[in-house]
Amino acid sequence: MGADRSRGVAVSGAPRRLIADAMLGKLARWLRTLGYDCAFEPDITDDDLIKRAVEEGREILTRDTLLIQRRAVRGRAIFIESDLVVDQLKELSKRFEINAAGFLTRCLRCNIPLEPMNKEAARDKVPPYVFATQERFSVCTGCSRIYWGGTHKARMIEAIERMLKGIEG
Ligand SMILES: [Zn+2]
């Protein structure tokens, strides 16, 4: 587990605050789906990315070999080698635990935690079929997007956890 420690951030159990560079949008979305706090702005400059990481206490996920060498990111960045998001998650799982415990608890668009929403409040805002078949709704206070777990949620979590187990080690 500590093999790459010289190049990045030490493993710890604390929740991570992350920021992904422009090449890692897909990974950022996956991390948000799993409930991880991962900022992502596709058009941000390197300087602004570093500034935001420092100001908000975020670790930088990057595929940029030049960025990773900058003094300001030392001890604050994780270099991602793979192209494929599954392999990228595998790399990250060597740095900190990746699981699906927070699945669909964060807005995929805004990266902020969702708030529970009263079912009645969702009545006119979701498709009738969804309203009729779902009991639990949550809402993003940033963009007002409504999320529902769906009857498949448990199975999806299982599938994701199987996938994550499969990529361990
Ligand atoms: Zn949102």
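Keep in mind the model is a prediction, meaning the values are calculated, not measured. (Residues numbered from 1 in each chain as written. Predicted model: local features only at pLDDT ≥ 70, side-chain atom pairs only at ≥ 80, totals over all residues.)

J.: Would you mind going over the overall build of the protein chain in detail, with residue names and values included?
T.: Along its length, the protein chain carries 6 helices and 7 strands. Sequence-ordered secondary structure for the protein chain, helices as α and strands as β, is β-α-β-α-β-β-α-β-α-α-β-β-α. Here the analysis covers contacts within the protein chain between residues at least 6 apart in sequence; of these, 56% occur between residues at least 24 apart. (Helix = DSSP H or I, 4+ residues; strand = E, 2+ residues; numbered from the N terminus. Contact = placed C-beta atoms within 7 Å.)

J.: Which residues make up the sheet that holds strand E2 (residues 37-40), and what are the values?
T.: Whenever strands of a sheet pair, they do so through backbone hydrogen bonds, lying parallel or antiparallel. Strands sit in the order E2-E1-E3-E4 across an open sheet of 4 strands; the sheet is parallel. Only two strands of the sheet have a single partner each, and these edge strands are E2 and strand E4 (77-79). Sheet twist, expressed as the mean angle between neighbouring strand axes with direction ignored, is 25°. With 3 bridges joining them, strand E3 (residues 59-62) and E4 adopt parallel strand pairing. Across the sheet, residue Ile 60 finds its bridge partner in E4, namely Ala 77. Strands in contact with helix H1 (residues 25-33) are strand E1 (17-20), E2 and E3; relative to E2, the strand with the most contacts, it is inclined by about 150°. Along the sheet, helix H2 (residues 46-56) contacts E1, E2 and E3; its crossing angle with E1, the most-contacted strand, is approximately 175°. (Pairing = 2+ DSSP bridges. Axes fitted to C-alpha atoms, helices over the stretch in contact; angles between N-to-C directions.)

J.: Just give me the short version of the environment of Met 163, but keep the residues and values in it.
T.: Locating Met 163 in the fold gives a position in helix H6 (residues 153-166). You can call Met 163 partly exposed: it has 13 C-beta atoms within 10 Å. Along the sequence, Met 163 and Val 86 sit 77 residues apart, while their C-alpha atoms lie 8.4 Å from each other. (Buried ≥ 20, exposed ≤ 12 C-beta atoms within 10 Å, placed from the backbone.)

J.: Tell me about the pairing of E2, and please be specific about residues and values.
T.: Judged by which residues are buried, E2 turns out to be one-sided: Cys 38 and Phe 40 face inward and are buried, whereas Asp 37 and Ala 39, on the alternate face, are not. Where E1 and E2 come together, 4 bridges link them in parallel fashion. When the sheet's bridge partners are listed, Ala 20 is paired in E2 with Phe 40. For the crossover that starts at E1, traverses H1 and ends in the parallel E2, the hand is right-handed. (Right-handed = clockwise from strand over helix to strand, strands pointing away.)

J.: Tell me what's going on with the nonpolar core, and back it up with residues and numbers.
T.: If you look at the biggest cluster of nonpolar residues, it comprises 24 residues, and the most contacted ones within it are Ala 20, Leu 31, Cys 38 and Leu 61. At the level of secondary structure, the elements contributing two or more residues to this core comprise E1, H1, E2, H2, E3, E4 and helix H3 (85-93). When residues in this core are grouped by element, the largest group, 4 residues, is from H1. If we ignore the near neighbours within four places in the chain, the residues touching Cys 38 are Leu 18, Ile 19, Ala 20, Ala 28, Leu 31, Arg 32 and Asn 111. (Core = buried A, V, L, I, M, F, W, Y, C linked by C-beta atoms within 7 Å.)

J.: How would you summarise the packing of H1 against H3 if you had to cite specific residues and measurements?
T.: Packing of H1 against H3 leaves a shortest axis separation of 10 Å and a crossing angle of 65°. The interaxial crossing formed by H1 with H3 has right-handed handedness. Across the interface between the two elements, Lys 26, Leu 27 and Trp 30 of H1 pack against Val 85, Gln 88 and Leu 89 of H3. Taken together, the residues that form the contact of H1 with H3 break down as 4 nonpolar, 1 polar and 1 charged. (Left-handed = near helix turned anticlockwise from the far one by under 90°. Nonpolar A, V, L, I, M, F, W, Y, C, P; charged D, E, K, R; others polar.)

J.: Break down H2 for me, citing the residues and quoting the values.
T.: Regarding H2, the residues found buried are Leu 49, Ile 50 and Ala 53. Down the axis of H2, the sector holding all buried residues measures 95°, keeping them to one side. Within H2, the exposed residues directed more than 90 degrees away from the buried face are Asp 47, Asp 48, Glu 55 and Glu 56. On its buried face, H2 sits against E1 and E3. Just past H2, the residue Gly 57 takes up positive phi, approximately 65°. (Arc of directions from axis to C-beta.)

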